[in-house]
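Architecture and fold: a report
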Amino acid sequence: MHKILIAVAEGSEEMEAVITVDVMRRAGWEVTVAAIAPGPVICSRKVKLLPDREWREIDPLEYDALVIPGGAPGVERLMKDGGVLETLRIFDECGKWICAICAGPLVLQAAGILKKQRLTCHPAVKEDLHAGMWIDEPVVRDGNLITSQGPGTCFEFALTIVSTLENPATAQKIAHGMVFEF
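The following paragraphs examine the structure supplied in this document.

Cut-off values and rules
Residues numbered from 1 in each chain as written. Predicted model: local features only at pLDDT ≥ 70, side-chain atom pairs only at ≥ 80, totals over all residues. Heavy atoms only, no water. Helix = DSSP H or I, 4+ residues; strand = E, 2+ residues; numbered from the N terminus. Rg over C-alpha atoms; globule rule 2.2 N^0.38 Å. Buried < 20%, exposed > 50% of the residue type's maximum accessible area, 1.4 Å probe, protein only. Contact = heavy atoms within 4.5 Å. Areas by Shrake-Rupley, 256 points an atom, 1.4 Å probe, with all protein chains shown as cover. Disulfide = S-S within 2.5 Å.

Glancing now at the overall build of the protein chain. Each helix and strand in the protein chain was counted, giving six helices and eleven strands. Its C-alpha radius of gyration of 15 Å places the protein chain within 12% of the 16 Å reference for a compact globule of 182 residues. Along the first, second and third principal axes, the C-alpha atoms of the protein chain reach 40 × 35 × 35 Å. For the protein chain, the residues scored as buried account for 54% of the 182 residues in total. Taking contacts inside the protein chain between residues at least 6 apart in sequence as the whole, the part at least 24 apart equals 61%. For the protein chain, the exposed area adds up to about 8300 Å²; of that, 53% sits on carbon and sulfur atoms.

This structure, assessed with the given rule, holds zero disulfides. Between cysteine 94, a cysteine without a disulfide, and cysteine 99, which holds the nearest cysteine sulfur, the sulfur-to-sulfur distance is 15 Å. Taking the relative accessible area as the measure of exposure, cysteine 94 reaches 52% and is therefore exposed. Take cysteine 154: it sits in no disulfide, and the sulfur closest to it among the cysteines is that of cysteine 102, at 8.3 Å. Residue cysteine 154 is classed as buried on the basis of its relative accessible area, which comes to 0%.

Shown next, in the form of structure tokens:
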């Protein structure tokens, strides 16, 4: 069973966090939503998320993958969090899976882990992304990095993660159960 860590902050994009959590839990994975501040997280569209843990309470090295959702205000907060940035650097050094959607790749850039990888992000923030090579595709995988464009690509993003870390058959089974073409 895979252990997945999802980092959230005030202003994170709720669809990108919740759909990813849902799909991964359908795969039978252990998913921990960790907030960088205590209490509920008010997301970008004012949905309140109750994180499983606070970032300072977890050992990020226990996880197989780290997911960074978008949402501009949440991304700005994650970009300033030393613990999140250091975890990204460690995950990159260890070759662990790093997944980011929408504006989330900006956090990877802030951590200094983007080099010449192919990646994608929300088209509205691609000009802010100076590292890596932007590709206009819903989901892009390069090495240990999986990126996606935004709320409309959440299901494909999460299913690609399941397909990559587990297997394509599991992703297809989950997609079929959700009546989603994958």
